[in-house]
Amino acid sequence: MLLDSRPGRTTVHDSTLTAQLVSSLAWPVAAVVIVAMLRPALLTVLAQLRRVRVSGVEAEFGQELARVRDIAESADLTTVPLDAGLTTEDSAKLLQLAAVSPRSAVIEAWGVLEAEARAAVDARHRAGTEKRLSAVETGRALRDLNLLDEEAAHVFDILRGLRNQVVHEPQLDVTANDAVEFANLARQLSHRLETRGG
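Each residue is numbered by its place in its chain's sequence as written, counting from 1. In view of the model being predicted, local features appear only for residues whose pLDDT reaches at least 70, and side-chain atom pairs are presented and counted only at 80 or more, with totals across whole chains, interfaces and linings using the full set of residues. Hydrogens and waters are ignored; side-chain quantities use all the structure's heavy atoms.

Caption draft 1: Highlighting a nonpolar patch on the surface. Two distance rules govern patches: like charges are joined within 9 Å, and nonpolar side chains (Val, Leu, Ile, Met, Phe, Trp, Tyr) within 5 Å, applied only to residues with over 30% relative accessible area and no salt bridge. All accessible-area figures derive from a Shrake-Rupley calculation using a 1.4 Å probe, and residue coverage is judged against the displayed protein chains alone. Definition used for salt bridges: Asp or Glu carboxyl oxygen within 4 Å of a side-chain nitrogen of Lys or Arg. Residues L21, L25, V29, V33 and M37 make up a contiguous nonpolar surface patch of about 480 Å² in total accessible area. Each helix is a run of H or I in the DSSP string that is no shorter than four residues. Each strand is a run of E no shorter than two, and both are numbered from the N terminus. Mapped onto the elements of the fold, V29 is located in helix α1 (residues 12–74). Classification of V29 by relative accessible area gives partly exposed; the value is 47%. Note on classification: 1.4 Å probe, protein chains only; a residue is buried when its accessible area is under 20% of the maximum for its type, exposed when over 50%, partly exposed between these limits.

Caption draft 2: Expanded view of helix α5 (residues 150–168). Here, expected helix span is obtained from the residue count minus one, scaled by 1.5 Å. Under the 1.5 Å per step criterion, the end-to-end length of α5 is 27 Å for 19 residues, consistent within 8% with the ideal 27 Å. For α5, every residue scored as buried is listed here: A152, A153, V155, F156, D157, I158, L159, R160, L162 and V166. N or O atoms within 3.5 Å of each other form a polar contact, as long as, within protein, one can give a hydrogen and the other can take it, and as long as residues adjacent in sequence are counted only when both atoms are side-chain atoms. Sitting at the amino-terminal end of α5 is D149, which places a side-chain oxygen 3.3 Å from the backbone nitrogen of E151.

Caption draft 3: Fine view of the pattern of salt bridges. Here the structure, examined in full by the defined rule, presents seven salt bridges. Between E181 and R69 there is a salt bridge, with the nearest N and O atoms lying 2.7 Å from each other. Taken together, the residues span a long stretch of sequence, with E181 in helix α6 (residues 176–197) and R69 in helix α1 at a distance of 112 residues. D157 is the partner of R143 in a salt bridge, and the nearest nitrogen-oxygen pair spans 2.6 Å. Note that R143 is positioned in helix α4 (residues 135–144) and D157 in helix α5, a separation of 14 residues in sequence. Assessed through its relative accessible area of 23%, R143 is described here as partly exposed. Through salt bridges with shared partners, a single network forms among E116, R187 and E194.

Caption draft 4: Main features of unusual backbone geometry. Backbone geometry at N146 places phi at a positive 60°, although glycine is not the residue there. Among the structural elements, N146 can be located in the loop between α4 and α5.

Caption draft 5: Quick look at the environment of A117. Take A117: it is sitting in helix α3 (residues 102–126). Judged by relative accessible area, A117 falls into the buried class, the value being 0%. For A117 and A135, which are 18 residues apart along the polypeptide, the C-alpha to C-alpha distance reads 9.0 Å. Any two residues whose heavy atoms approach within 4.5 Å are treated as being in contact. With near-sequence residues (within four places) excluded, A117 lies in contact with T138, L142, F156 and L193.

See the structure below:
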């Protein structure tokens, strides 16, 4: 008989079962105890890793803006004041937004550029069509319709990617200066569309 139901009796089976149970729980219990003991140190290390990642992403955003600025200069995009084509009130609002919420200023500047780009494409080619172009399709149409040359269209694509980073990477820290730089580059493209789209 493997199981002895009489009180005080232990069988070989019970001892083996207990040993197996202790053996199988030893590593998970040890891991939980170690994590619990090292929790404060682990949280500190993880916080530092997050800061390094965020700083790296911020540096990448700033570096990408510098790269876009260089491309814009080689594309001979006219330096246009941020307030060109905007009312004084709209320009002031954008600068205030950059100071208060740089991420929102980037999103707003992109929204204005994207709307102007779609309008230029629609006016030139797509009048009467109902399908709304995605930002990627709009960028392609700007090239195809010669509304932007290759370099200026490349600036459009990079600004779209930066805007997407701002929207989809909540840990990204955008400075007010970055937001104003982004808005200036977007305004330069808008000005190019206005002059070419006629």
